[in-house]
Amino acid sequence: MRAARLTLPAILAALLLAVAPGQASAATPVYSGTGWRAWTANGIYSLAPDGYTIVFADDTARTKLAPYFKTPANQVTTSVGVPITVTTALDDTPISSCPSRHAIVVHYLYRPTGKAGVSKALACHDTADDSAWGGHLLIDSEYWTSSNWFSTNATLNDIYRKNVVSHELGHIFGLDHPNYDRDKDGTVEDFECVVSDAGWLPVECAPNGGYRTSTGAGKFLTAYDLAGLKQLAANYWLR
Ligand SMILES: [Ca+2]
Ligand SMILES: [Zn+2]
């Protein structure tokens, strides 16, 4: 007993010396931050550097939805450094299966979850390294077939559509909802997320968020979702 007591401080000192020189804390993966959370619950811990390809389940999905992917694809390509390519390709992989590596199959479906106004991302992950694999985006067609689904203001209505499409894409990239119990009432509620000075929620806030401006529509918020995507890309090398 006595010998053990004497040696314990020596062991601690040795451990401290081992950690201090490298400052290892600067190079560890991070899975959440202000306004973002990695979808580790779904097995995604990082974003792979070689990029992802957006394809379509059918011609209708391509015609209706391809324009909505331009903004987030360009933003992630430019700001995160992970190339996202919006193609015109059709892909008939069934929803029950993961598509080929790094393909994101976009579907235009009426109430894909059975609930009014709800879209869904079926995100797959790479079982070898836990990076985002791709998957299926089931976008509810009601946002288009009902002209005032989000707002009677046509401009605002389309801003919401763009943000919802980017929200689902963010899930495929490995972002979870960043909602938290901000008002400390014991319940994490819809729209309960960090808010920017301008009043915008992260795109990934459930059930939806994002800039409510024409120039910001469809963009990941720089300080929130985009910071998260950058960290997910960094995590690929840090894990
Ligand atoms: Ca709450
Ligand atoms: Zn969501």
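Here, the structure is the one placed above.
Here's a quick rundown of the structure. Just so you know, these numbers come straight off a predicted model, no measurement behind them. Counting restarts for each chain, with residues numbered from 1 along the sequence as it is written. Both sets of labels track the order of writing: A upward for chains, 1 upward for ligands. Under the rules for a predicted model, residues below a pLDDT of 70 receive no local features and side-chain atom pairs below 80 are neither given nor counted, while totals for whole chains, interfaces and linings still include all residues.

This brings us to the environment of Pro67. Relative to the helices and strands, Pro67 is located in helix H2 (residues 59-80). To sort residues by burial, count the other C-beta atoms lying within 10 Å of each one's C-beta; a count of 20 or more means buried, 12 or fewer means exposed, and anything in between means partly exposed. C-beta atoms are built from the backbone. Residue class for Pro67 comes out exposed when judged on the 12 C-beta atoms lying within 10 Å of it. Linking Pro67 and Val86, residues 19 residues apart in sequence, is a C-alpha distance of 9.0 Å. Strands here mean DSSP runs of E at least two residues long; helices mean DSSP runs of H or I at least four residues long; both are numbered from the N terminus.

Below, the discussion takes up the packing of H2 against helix H4 (residues 154-172). What counts as an axis is a line fitted to C-alpha atoms, over the stretch in contact for a helix, and the angles between N-to-C directions run from 0 to 180 degrees. Direction vectors running N to C along H2 and H4 enclose 70 degrees, while the axes themselves pass 9 Å from each other. Relative to H4, the element H2 lies roughly perpendicular. From H2, Leu65, Tyr68, Phe69, Thr71 and Pro72 reach across to H4, where they touch Arg161, Lys162, Val165, Ser166 and Leu169. Gly is put with the polar residues, along with every residue not named as nonpolar or charged; the nonpolar set is Ala, Val, Leu, Ile, Met, Phe, Trp, Tyr, Cys and Pro, and the charged set is Asp, Glu, Lys and Arg. Here the contact of H2 with H4 is built from residues that sort into six nonpolar, two polar and two charged. The labels follow the angle: roughly parallel below 35 degrees, roughly antiparallel above 145, roughly perpendicular from 65 to 115, and oblique for the rest. For every residue pair, C-beta atoms are placed from the backbone, and the pair is scored as a contact if these atoms sit within 7 Å.

With six of its seven residues buried, strand E5 (residues 103-109) lies for the most part within the structure. Bridge count for strand E3 (residues 52-56) against E5 is four bridges, and the pairing is parallel. Note on E5: the bridge partner recorded for Thr53 is Ala103. Where E5 lies against strand E7 (residues 132-140), six bridges are found, and the strand directions are parallel. Looking across to E7, one finds that Ile104 is bridged to Gly135. For two strands to count as paired, DSSP must find a minimum of two bridges between them.

Here the focus is H4. Expected helix span is computed as 1.5 Å times (number of residues minus one). The end-to-end C-alpha distance of H4 is 28 Å, a good match for the 27 Å that 19 residues give at a rise of 1.5 Å each. Gly174 lies just past H4 and shows a positive phi near 105 degrees.

What follows is about the pairing of strand E4 (residues 84-90). One ladder, built from four bridges, connects E3 with E4; its direction is parallel. Along E4, the bridge assignment pairs Tyr52 with Ile84. Crossovers are described as right-handed under a simple rule: with the strands pointing away from the observer, the path leading from the first strand over the helix to the second runs clockwise. Regarding the hand of the β-α-β motif, the stretch spanning E3, H2 and E4 is right-handed.

With that settled, consider helix H5 (residues 222-238). Within the span of H5, buried status applies to Tyr224, Asp225, Leu226, Ala227, Gly228, Leu229, Lys230, Gln231, Leu232, Ala233 and Asn235. Where H5 is buried, its residues meet strand E1 (32-33), strand E2 (36-38), H2, H4 and strand E8 (175-176).

Backbone hydrogen bonds hold the strands of a sheet together, and the pairing may be parallel or antiparallel. Pairing in this open sheet of five strands is mixed, and the strands run E4-E3-E5-E7-E6 from one edge to the other. The sheet terminates laterally at E4 and strand E6 (120-125), the two strands that pair on one side only. Neighbour-to-neighbour, the strand axes of this sheet turn through a mean angle of 20 degrees, independent of strand direction. Sheet contacts for H2: E3, E4, E5 and E7; angle to E4, the most-contacted strand, approximately 165 degrees.

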